Amino acid sequence: MSNETWWGRTSLRIRTAQFWQIGSLDLLIERTSSEFSVSWRHATRTTSSVVNAAASGPTVSKRHLSNPSDAAAIRSAPSPASPLSPFIPAPFQTQAFAMPTMQPSPSDDLIFTPVLPQAPLAVYFATPLTLEPNEKLTFGVCLPLEIKIESGGSRVICAVPLEPFSKTWFGPNALYGELALSINRTTVYSALDETHPRADQARAALTVRNVNGTPLTVDRVLIPCSRLSLFHSPQTGFWTDSITIDARGDEHNSFQSDRSLPREAGPSQFIQLVANPRAQERASINELALKNFKNFFKERG
Amino acid sequence: MVFQEWAREFSQLITKRHIVNFSTAVAILLFGILLARRAHAAIGRLGTLDQSQRMLFQRIAYYGLLVIATAAALDTLGFDLKVLLGAAGVLTVAIGFAAQTSASNLISGLFLMFERPFVVGNTIAVGEIRGEVIAIDLMSTKIRTFTNLMIRVPNETLVKSNITNYSYFPIRRVDVEVGVAYGSDLAFVSELLKQTVLAHPETLREPVPLILVKGLGASSIDFTIQLWTPTESVPGLPSELYQAIELALKASGVEIPFPTQTVLHRPLTAHVTS
């Protein structure tokens, strides 16, 4: 795995655009004097991005477009097929985001950060697993990543998935349950060393514990990705907190995570925290408000 | 001259007590209006109630407080409320007979707000009417049809009718029907249809889509694909799936037959008898 990272800070001046290709993701970011426009789609490549990604991470290319007509040409080109099926077209989805008008001189910087998805992810065992009471087993699991785009003022513009997600229903029947994400390749591996480093996926140690009094058969678990931190090691790629699922025999399994990464993640001195749990993003706004409130009174003695 | 006399007589009638009572009544009324507005706004901020319940409680609080304030103001001015209440009783009976339908709609509205078979924003069907609920009021429910017409349905009608709520559950089943030519490899077609619908990002992987042979039609072997999708994706999904299925079948050499009719020509044998 390369020491260079495909994420980080980039500069985008007014009336210019940038076109990124990260694995199967086409990402077009345009900037006018008053807004950012973000367009994306997942397209099939002639050389399989999946194969490339398995070896060394997704193919990443970046093109600076100084002429607005170049961006328009990219958007108006015929839609390629979705990586999921050659029969389903993948047109661009576009969202526009207004620039903060309070700033006297808005920053040209854009910050790209890999993050785990906000929605929970359903992962499936290749064969149903039977656990004796109080027995626990540890597996390896790969989780998909999104790319979070922030403007220079640390204002989140949006988060775009690096590979196309499918949706699934996680519940005993159509009446009870919740919507979750699902990826074709998101299966549970019998051991962590069966997983491979990928620049568009994070690996995690998944421990399933039977807390039921009787033997229990588990065929799938739900991982609340928004409650996990994301780490990166230049040698071993992306990792998340270790996950423990207490299986109870119904759909109300309990979830725990801890920051002890498995030994497969490599020496801890090389591992850096890339993103905090996204569930904390909302809390951090409250914390900020509380901090400002305290500062207000502190300043007045 | 006459006016001056009238003004002098009037000023003799108006005592200090009258002025105080009148001022108090006006103050009570103003305070009542202020209180009613505050209560209306406070209930509007309650997050525990849904929109229709909030509207109901806002109206009850607003008009209830106004009625109490008006009664208190009239009492301060010296009006005998017993007479008013008696008259109101008689009036209520008279209005009750005249407005049975309105009363029925009102009570039905209360039932709807507490039973909650639908909320504002849901897509429902009542009889021939189908659309999005835009308001649930005490007397009627307003529905915006997909052709952008507003239809006012009396609440009594809703309570008496079968209501279909298309937005009640987060996921829904969509049925897509496809016919292929006789002689097609049915196992291959089933697998191709399954893979094609599963490739759409809005098709749920679970519950697993079912590919069923619906029947042997006049011109085609008919398949029904039963798949599940998030409720908000239901309107657009079938169209996208039909396009993807048509492309997939064409690319795989599976024929979607036109309705055909075979006409047999039998030569006429003429029996000419001489």
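Some points on the pattern of salt bridges
Next up, step 1: Enumeration over the complete set of coordinates arrives at 13 salt bridges over all chains.
Next up, step 2: The shortest N-O distance in the salt bridge between E202 of chain B and K167 of chain A comes to 2.9 Å. Of this pair, E202 of chain B sits in the loop between α7 (186-199) and β7 (210-216) while K167 of chain A sits in strand β14 (residues 166-170), each in a different chain.
Next up, step 3: Its relative accessible area of 25% is what places K167 of chain A among the partly exposed residues.

A closer look at a nonpolar patch on the surface
All names here are of chain B.
Next up, step 1: Taken together, the side chains of F3, W6, F10, L13, I14 and I19 define a hydrophobic patch exposed on the protein surface, amounting to about 680 Å² of accessible area.
Next up, step 2: Here the element with the most residues in the nonpolar patch is helix α1 (residues 2-13); it accounts for four residues.
Next up, step 3: Within the secondary structure, I19 is located in helix α2 (residues 16-44).

Here's the deal with helix α8 (residues 237-251) of chain B
Next up, step 1: Its 15 residues place the ends of α8 of chain B 21 Å apart at the C-alpha level, agreeing with the 21 Å of an ideal helix rising 1.5 Å per residue.
Next up, step 2: On the buried face of α8 of chain B, the contacting elements are β7 (85-89) of chain A together with β6 (171-180), α7 and β8 (221-230) of chain B.
Next up, step 3: Just downstream of α8 of chain B, G253 of chain B is the residue with a positive phi angle, here 75 degrees.

Some thoughts on unusual backbone geometry
Residue and element names in this part refer to chain B.
Next up, step 1: Cis peptide bonds are those with omega within 30 degrees of zero, and the linkage from E206 to P207 qualifies with -5 degrees.
Next up, step 2: If you trace the backbone, P207 turns up in the loop between α7 and β7.
Next up, step 3: Phi at R116 is positive, roughly 55 degrees, even though this residue is not glycine.
Next up, step 4: Here R116 shows up in the loop between α5 (100-115) and β1 (123-126).
Next up, step 5: Accessibility expressed as a relative area gives 36% for R116, which makes it partly exposed.

Considerations on the packing of aromatic side chains
Next up, step 1: Here the structure, examined in full by the defined rule, presents six aromatic pairs over all chains.
Next up, step 2: Here the aromatic rings of W7 of chain A and F238 of chain A are separated by 5.1 Å at their centres, their planes lie at 40 degrees, and the arrangement is tilted. Taken together, the residues span a long stretch of sequence, with W7 of chain A in the segment before β1 (8-11) and F238 of chain A in strand β20 (residues 237-240) at a distance of 231 residues. The burial state of W7 of chain A is the same as that of F238 of chain A; both residues are buried.
Next up, step 3: Judged by centre distance (5.3 Å) and plane angle (85 degrees), the rings of Y62 of chain B and Y63 of chain B are edge-to-face.
Next up, step 4: Note that R130 of chain B overlies the ring of Y166 of chain B, its terminal NZ or CZ placed 4.2 Å from the centroid.

What to know about the interface of chain A and chain B
Next up, step 1: At the junction of the two partners, chain A supplies 16 residues and chain B supplies 19 residues.
Next up, step 2: Interface of chain A and chain B: buried area, both sides summed, is about 1,600 Å²; carbon and sulfur atoms make up 67% of it.
Next up, step 3: Looking at the side of chain A facing chain B, the largest losses of area belong to F87, K167 and W169 of chain A, adding up to 41% of the total buried there.
Next up, step 4: Taken together, chain A and chain B are joined by two salt bridges.
Next up, step 5: Applying the counting rule to chain A against chain B returns six residue pairs in polar contact (both at pLDDT 80 or more).
Next up, step 6: Among the elements of the structure, β7, β14 and β15 (178-182) of chain A are those that each provide at least two residues to the side of chain A that touches chain B.
Next up, step 7: Among the elements that take part in the side of chain A that touches chain B, β14 of chain A stands out by supplying four residues, more than any other.
Next up, step 8: Grouping the constituent residues of the side of chain A that touches chain B by class yields nine nonpolar, five polar and two charged.

Some details on the packing of helix α3 (residues 51-76) of chain B against α5 of chain B
All names here are of chain B.
Next up, step 1: Put simply, α3 and α5 touch, their axes get as near as 9 Å, and they point 135 degrees apart. Our classification of the angle between α3 and α5 gives oblique. Regarding α3 and α5, the two cross each other, and that crossing is left-handed. For the pair formed by α3 and α5, the contact residues are S52, Q53, L56 and F57 on the first element and L110, M113 and F114 on the second.
Next up, step 2: Classifying every residue of the contact of α3 with α5 gives five nonpolar, two polar and no charged.

Some words on the confidence of the model for chain A
Residues and elements named next belong to chain A.
Next up, step 1: In the predicted model, chain A carries a mean pLDDT of 78, and 80% of its residues have values of at least 70.
Next up, step 2: Averaged pLDDT values for the elements of chain A fall to 44 in helix α1 (residues 49-56) and rise to 91 in β14.
Next up, step 3: This model gives residues 47-56 a pLDDT under 50, and the stretch forms 13 contacts once residues within four places in sequence are excluded.

About the cut-offs
- In this numbering scheme, every chain counts its residues from 1 along its sequence in written order.
- Naming scheme: in the order in which they are written, chains are lettered from A and ligands are numbered from 1.
- Per-residue local features of the predicted model are confined to residues with pLDDT of at least 70, and side-chain atom pairs are confined, for both listing and counting, to 80 or more; whole-chain, interface and lining totals are unaffected and use all residues.
- To get the side-chain values, take all heavy atoms of the structure and skip hydrogens and water.
- Any carboxyl oxygen of Asp or Glu that lies within 4 Å of a side-chain nitrogen of Lys or Arg is treated as forming a salt bridge with it.
- Counting from the N terminus, the helices are DSSP H or I runs at least four residues long and the strands are E runs at least two residues long.
- Only protein chains enter the calculation, and the probe is 1.4 Å; a residue is then buried if its accessible area is under 20% of its type maximum, exposed if over 50%, and partly exposed in between.
- Note on patches: the residues involved have over 30% relative accessible area and no salt bridge, like charges join within 9 Å, and the nonpolar side chains Val, Leu, Ile, Met, Phe, Trp and Tyr join within 5 Å.
- Surface accessibility in these figures is a Shrake-Rupley result with a 1.4 Å probe; residues are shielded only by whichever protein chains are displayed.
- By definition here, a helix of n residues has an expected span of 1.5 Å times n minus one.
- Should any heavy atoms of two residues lie within 4.5 Å, those residues are considered in contact.
- Think of it this way: a Phe, Tyr or Trp ring, Trp meaning its six-membered ring, pairs with another when their centres are within 6.5 Å, and the plane angle makes it stacked under 30 degrees, edge-to-face over 60, tilted otherwise.
- In our convention, an over-ring charge means Lys NZ or Arg CZ found within 6 Å of a ring centre and within 35 degrees of that ring's normal.
- The quantity reported as buried area is the accessible area (1.4 Å probe) lost by two parts once they are put together, taken as the sum for both.
- In the analysis that follows, any N or O atom pair within 3.5 Å is treated as a polar contact, provided that within protein one partner can donate a hydrogen and the other can accept it, and provided that, for residues neighboring in sequence, both atoms belong to side chains.
- Under the grouping applied here, Gly and all other residues not named as nonpolar or charged are polar, the nonpolar ones being Ala, Val, Leu, Ile, Met, Phe, Trp, Tyr, Cys and Pro and the charged ones Asp, Glu, Lys and Arg.
- Each axis is a line fitted through C-alpha atoms, and for a helix only the stretch in contact is used; angles between axes span 0 to 180 degrees, taken between their N-to-C directions.
- Here is the rule for angles: anything less than 35 degrees is roughly parallel, anything more than 145 is roughly antiparallel, 65 through 115 is roughly perpendicular, and the remaining ranges are oblique.
- When the near helix sits turned anticlockwise from the far one by under a right angle, the crossing is termed left-handed; a clockwise turn instead gives a right-handed crossing.
- One number per residue, pLDDT, summarises how confident the predictor is, and it ranges from 0 to 100.

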